[in-house]
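Close look at the chain arrangement
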Amino acid sequence: MAPHPATSEFVVMTDAPEATRSLAARLAAAAQPGDLLCLIGDLGAGKTQFAKGFAAGLGIEDVVASPTFVLMAEYAGWLPLFHLDLYRLADASDALAGGLLDERQLAGVTLVEWAERLGEALPTARLDVVIDGTGDEPRRIALRTDDAGYRRYLEAAA
Ligand SMILES: Nc1ncnc2c1ncn2[C@@H]1O[C@H](COP(=O)(O)OP(=O)(O)OP(=O)(O)O)[C@@H](O)[C@H]1O
Ligand SMILES: [Mg+2]
């Protein structure tokens, strides 16, 4: 996704999965109810590693894995965490049929892997976490938003 002219962006490099997890844990300190974070990157980029770190930052002790057999997994932390993976979604409109952000999710934070599958259906009020790199490469993690209310995540990363 090319940055929009009004987009705020902050880039962090990580050289190990632990570094991606600790970045995500720091960002979780900025979380507010109703937030939407879109995790974008190739297979093996580190989207689930980010989700694990973010969950730890919310005080969640459960093991966070990709919600392979359910569309959405829910965890209880100091804010509830909703973790979605749209990779296997046949038709992205399925995800929206029930509403990407239903009333329950407004009380917590929603992390969506492969969120770009929803294209134009994604709300503007969101943080994109765009991860470049796979395998043993360092990861370039760009935090991007077009919504001023989400800049607190960029500040938390700085
Ligand atoms: N800097 C890094 N940040 C994150 N993960 C890294 C990093 N370096 C190596 N890795 C490794 O890359 C893999 C990332 O896997 P992960 O499941 O998080 O990817 P994913 O983006 O969720 O993939 P998928 O699209 O299959 O869900 C892990 O095996 C992790 O150990
Ligand atoms: Mg994953």
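Summary of the structure given here. Worth saying up front: this structure is predicted, and the values here are computed from it rather than measured.

For soluble globular proteins, the rule of thumb is that nonpolar side chains tend to be buried together. Of all hydrophobic cores here, the largest spans 32 residues; its most connected members are Leu-37, Cys-38, Leu-39, Phe-54, Leu-111 and Val-129. For this core, the secondary structure elements donating two or more residues are α1 (17-28), β2 (36-40), α2 (47-57), β4 (81-85), β5 (109-113), β6 (127-132) and β7 (139-145). With residues up to four places along the chain from it excluded, the contact list for Leu-37 reads Val-109, Leu-111, Arg-126, Leu-127 and Val-129.

Within β2, 5 of the 5 residues are buried, which leaves the element mostly enclosed by the surrounding structure. What you see with β2 is no split at all: Leu-36, Cys-38 and Ile-40 on one side and Leu-37 and Leu-39 on the other are buried throughout. As paired elements, β2 and β5 share 4 bridges and run parallel to each other. Each residue of the ladder has a partner; that of Leu-39, found in β5, is Glu-113.

Lining the immediate environment of ligand 1, one finds 18 residues, of which Thr-20, Gly-46, Lys-47, Thr-48 and Gln-49 sit closest. Going through the elements one at a time, α1 and α2 are the ones with two or more residues in the shell around ligand 1. Taken together, the residues of the shell around ligand 1 break down into 6 nonpolar, 8 polar and 4 charged.

Calculation notes
Residues numbered from 1 in each chain as written. Chains lettered and ligands numbered in written order. Predicted model: local features only at pLDDT ≥ 70, side-chain atom pairs only at ≥ 80, totals over all residues. Core = buried A, V, L, I, M, F, W, Y, C linked by C-beta atoms within 7 Å. Buried ≥ 20, exposed ≤ 12 C-beta atoms within 10 Å, placed from the backbone. Helix = DSSP H or I, 4+ residues; strand = E, 2+ residues; numbered from the N terminus. Contact = placed C-beta atoms within 7 Å. Pairing = 2+ DSSP bridges. Near = placed C-beta within 6 Å. Nonpolar A, V, L, I, M, F, W, Y, C, P; charged D, E, K, R; others polar.

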